[in-house]
Amino acid sequence: SWAPGKLSVVWDRVNASVAAAFGMSNILAGTFQVKYLTDQLADEIIVDYLDAETWESASVRVTAPGLVGVPQRVTQITLQGCTSNAQALKYARVVMAGNVYRRRRITWETDAEGFVCTRGDVVRLSHDLTQWDYSGRLVSVTGNAVLLSRAVPRSGGVDHLTVVRPDGTQTHYTAVPGSGDDEVLTLNQPVNLQD
């Protein structure tokens, strides 16, 4: 990525820290979109690289999981600067995994809050359109209990609540586990509306 102004690396790892949270309060109206990739993507990836031992061109092939028979759609990629079979194979697997498992693209626009994120950052996303979490208003706060403007379904595990104040600042809380639909959440710490 050239995001920081120079060539850099994007780490794609499990359980990376969340860089920002986006929801109904900070996504610009009318910009949230979910697109599904329905095109026929490659069922075989060929990655060409330069073998370090012979200094000749070599290639690795990765087919889609569960492919039976001869691949019909092949994509060939030249991996510049690669001299390792293991690295070329890993890259081919990452590209194939993107074809198979990342067939949904979610996009949205935001204001200046979006400047804290760069390519590869993990964000927390909620939106009413897709029922990825729920949004509403705080009706009242009494100690650790908050009354919401609508009932929300509880997961039975730890639920998360993000309070967005009129000035745009956000605070994240966790709720005591519950089940069913509930308008009142008991949080693990009191809500301080003054912060």
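Because the structure is a prediction, the values reported are computed rather than measured.

Student: Explain the layout of surface pockets to me, please; I cannot follow it from the model alone.
Tutor: The gaps left among the atoms become clear once a water-sized probe is rolled over them. Taken as a whole, the largest pocket spans an internal volume of roughly 1800 Å³. Lining the largest pocket are 36 residues, with Val10, Trp11, Asp12, Arg102 and Gly120 positioned closest to its centre. Elements supplying a minimum of two residues to the lining of the largest pocket: β5 (74-78), α1 (85-101), β6 (104-107) and β7 (122-125). Its residues assigned to classes, the lining of the largest pocket shows 18 nonpolar, 10 polar and eight charged. Space inside the second largest pocket adds up to approximately 1100 Å³. Contributing elements (two or more residues each) for the lining of the second largest pocket: β1 (18-22), β7, β9 (145-155) and β10 (159-164). Broken down by element, the residue count for the lining of the second largest pocket peaks at seven residues, all from β9. Broken down by class, the residue content of the lining of the second largest pocket amounts to 15 nonpolar, 11 polar and seven charged.

Student: What's the story with the sheet that holds strand β8 (residues 138-142) in this structure? I'm lost.
Tutor: Backbone-to-backbone hydrogen bonds join strands into a sheet, with any given pair of strands oriented parallel or antiparallel. In space, the three strands of this open sheet follow the order β8-β9-β12, with antiparallel pairing throughout. Edge strands, defined here as strands with exactly one partner in the open sheet, are β8 and β12 (179-186). Sheet twist, expressed as the mean angle between neighbouring strand axes with direction ignored, is 50°. Pairing of β8 with β9, which is carried by four bridges, proceeds in the antiparallel orientation. Paired with Leu138 across the bridge in β9 is Leu148.

Student: In this structure, what is going on with the pairing of β9? I would like to understand it.
Tutor: On a regular strand, one side chain projects to one face of the sheet and the next to the other, so that they alternate. Linking two consecutive strands that pair antiparallel, namely β8 and β9, is a turn of two residues; a positive phi of about 65° is found at Gly143 within it. Looking at chain direction, β9 and β12 are connected through seven bridges and run antiparallel. Paired with Ala145 across the strands is Thr186, a residue of β12.

Student: Got a minute to help me understand α1 in this structure?
Tutor: It helps to recall that an α-helix has 3.6 residues per turn; residues three or four apart then point in one direction. With 17 residues, α1 extends 24 Å between its outermost C-alpha atoms, agreeing within 8% with the 24 Å of an ideal straight helix rising 1.5 Å per residue. Within α1 the residues assigned to the buried category are Ala88, Ala92, Met96, Gly98 and Asn99. What you see down the axis of α1 is that its buried residues fit within an arc of 150°, all on one side. Facing away from the buried side of α1, by more than 90 degrees, are the exposed residues Ala86, Lys90, Arg93, Val94 and Tyr101. Those residues of α1 that are buried lie in contact with β3 (44-50) and β4 (57-63).

Student: Sorry, what's going on with the sheet that holds β5 here?
Tutor: What the three strands build is an open sheet, ordered β4-β3-β5; its pairing is mixed. The sheet is open, and its two edges are formed by β4 and β5, each paired on a single side. Geometrically, the sheet is characterised by an average inter-axis angle of 20° between neighbouring strands, direction not taken into account. In the packing of α1 onto the sheet, the strands contacted are β3, β4 and β5, and the crossing angle to β3 comes to about 155°.

The rules behind the values
- Residues numbered from 1 in each chain as written.
- Predicted model: local features only at pLDDT ≥ 70, side-chain atom pairs only at ≥ 80, totals over all residues.
- Heavy atoms only, no water.
- 1 Å grid on protein atoms, 1.4 Å probe; cavity = no way out; pocket = protein on both sides within 12 Å on 5 of 7 lines; lining within 4 Å.
- Points joined across faces, edges and corners; volume = space filled by probe spheres on them.
- Helix = DSSP H or I, 4+ residues; strand = E, 2+ residues; numbered from the N terminus.
- Nonpolar A, V, L, I, M, F, W, Y, C, P; charged D, E, K, R; others polar.
- Pairing = 2+ DSSP bridges.
- Axes fitted to C-alpha atoms, helices over the stretch in contact; angles between N-to-C directions.
- Expected span 1.5 Å × (residues − 1).
- Buried < 20%, exposed > 50% of the residue type's maximum accessible area, 1.4 Å probe, protein only.
- Arc of directions from axis to C-beta.
- Contact = heavy atoms within 4.5 Å.

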